[in-house]
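# Inside the fold
Chain by chain, the residues:
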Amino acid sequence: GQQVMQIPQYQHVQEGEDFTTYCNSSTTLSNIQWYKQRPGGHPVFLIQLVKSGEVKKQKRLTFQFGEAKKNSSLHITATQTTDVGTYFCAVPLIQGAQKLVFGQGTRLTINP
Amino acid sequence: GEEVAQTPKHLVRGEGQKAKLYCAPIKGHSYVFWYQQVLKNEFKFLISFQNENVFDETGMPKERFSAKCLPNSPCSLEIQATKLEDSAVYFCASSQTGYGNTIYFGEGSWLTVV
């Protein structure tokens, strides 16, 4: 079935350092979504990427979708303590339908 | 409403007891999803509905789990005879059109089986 691998599993940085998480799929994706889950919270939608090679920015967050639509990354520039949480990529399952398959998540912790 | 509302926020059950969770999707959303998140953080898909119809139940342990979305009522997820490994946060989510669309999560129901 559709699977997406996300790395790293954990990342600890000093405040002000950059952070990147990656998602990879063995199959071509129609789109990929990114979610953020704060500790003890629920996943919150950040963005959806659809086009090959697409790059989208939200303030200090940069999202990329690979040219082959098999990988994606989320990069945070100059992390702040408010960025703490787990970042998940999610892809729609083509067979079956109407559900997202989530990556394993990257848990970001920040040393102030 | 403008958010997915889940109740209860916390639930404690003895092993073998029944647990029932509720979810009111965002008004106008046709699809409802249930996900289970255990301590490892991984999300396990359980079931999805299109309105009141089961759309995909491939993730449901059918012998003990059941779910419904009836008209004019909150959706529900019920676990008969809970087991210790059912301890998890159960998230309900809804989306407007389903496939490829953004899904909006509720705050989750934390089930602890003791």
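Everything below is about the structure printed above this text.
Computed from a predicted model, the values in this text were never measured in an experiment.

Helix and strand content of chain B: 0 helices and 11 strands. The C-alpha radius of gyration of chain B comes to 13 Å, within 12% of the 13 Å expected for a compact globule of 114 residues. Its C-alpha atoms put chain B at 35 × 25 × 25 Å along the principal axes. Buried positions account for 46% of the 114 residues belonging to chain B. Summed over all atoms, the accessible surface of chain B reaches about 5800 Å², with 50% contributed by carbon and sulfur. Put simply, chain B has 11 plus and 12 minus side-chain charges, and the middle of one group is 5 Å from the middle of the other.

What follows covers the side chain of Ser94(B). Residues and elements named next belong to chain B. With respect to the helices and strands, the residue Ser94 is situated in strand S9 (residues 88-95). Ser94 sits in the buried class, given a relative accessible area of 0%. Within the structure, Ser94 has its side chain in polar contact with the side chain of His29 (distance 2.7 Å). Ignoring anything within four residues of it in the chain, the contact list for Ser94 reads Val4, Pro25, Ile26, His29, Tyr31, Val32, Phe33, Thr102, Ile103 and Tyr104.

Looking now at the nonpolar core. By size, the foremost hydrophobic cluster in this structure holds 23 residues, and its most contacted members are Trp34(B), Leu77(B) and Tyr90(B). Those elements giving two or more residues to this core turn out to be strand S3 (19-24), strand S4 (31-37), strand S5 (43-50), strand S7 (65-68), strand S8 (75-79), S9 and strand S11 (109-113) of chain B. Sequence-distant contacts of Leu77(B), defined by excluding residues within four places in its chain, comprise Ala19(B), Lys20(B), Leu21(B), Trp34(B), Leu46(B), Met60(B), Phe65(B), Ser66(B), Ala67(B) and Tyr90(B). Phe19(A), Cys23(A), Phe65(A) and Leu93(A) belong to the second-largest nonpolar core, a separate cluster that totals 22 residues.

Once that is clear, we can look at the interface of chain B and chain A. The partner chain A presents 22 residues to the 23 residues of chain B that form the contact. Along the contact surface separating chain B from chain A lie 0 salt bridges. Seen at the junction of chain B and chain A, the total is 3 residue pairs in polar contact (both at pLDDT 80 or more). Looking at the side of chain B that touches chain A, the elements that each hand over two or more residues are S4, S5 and strand S6 (53-56) of chain B. Counted by class, the side of chain B that touches chain A contains 10 nonpolar, 10 polar and 3 charged residues.

Moving on, we get to the pairing of S4(B). Residue and element names in this part refer to chain B. Of all the 7 residues making up S4, 7 are buried; the element is thus mostly covered by neighbouring parts of the structure. Taking every second residue as pointing to the same face, both faces of S4 are buried, with Tyr31, Phe33, Tyr35 and Gln37 on one and Val32, Trp34 and Gln36 on the other. Sheet topology note: the S4/S5 ladder contains 7 bridges and is antiparallel. Paired with Val32 across the bridge in S5 is Phe49. Relative to S9, S4 runs antiparallel, the two being bridged by 7 bridges. Looking at the pairing, Trp34 lines up with Cys92 of S9.

Thresholds applied
- Residues numbered from 1 in each chain as written.
- Chains lettered and ligands numbered in written order.
- Predicted model: local features only at pLDDT ≥ 70, side-chain atom pairs only at ≥ 80, totals over all residues.
- Heavy atoms only, no water.
- Helix = DSSP H or I, 4+ residues; strand = E, 2+ residues; numbered from the N terminus.
- Rg over C-alpha atoms; globule rule 2.2 N^0.38 Å.
- Buried < 20%, exposed > 50% of the residue type's maximum accessible area, 1.4 Å probe, protein only.
- Areas by Shrake-Rupley, 256 points an atom, 1.4 Å probe, with all protein chains shown as cover.
- Lys, Arg positive; Asp, Glu negative; His and termini not counted.
- Charge placed at Lys NZ, Arg CZ, Asp CG, Glu CD.
- Polar contact = N/O pair within 3.5 Å; in protein donor to acceptor, adjacent residues only side chain to side chain.
- Contact = heavy atoms within 4.5 Å.
- Core = buried A, V, L, I, M, F, W, Y, C linked by side-chain atoms within 4.5 Å.
- Salt bridge = Lys/Arg side-chain N within 4 Å of Asp/Glu carboxyl O.
- Nonpolar A, V, L, I, M, F, W, Y, C, P; charged D, E, K, R; others polar.
- Pairing = 2+ DSSP bridges.

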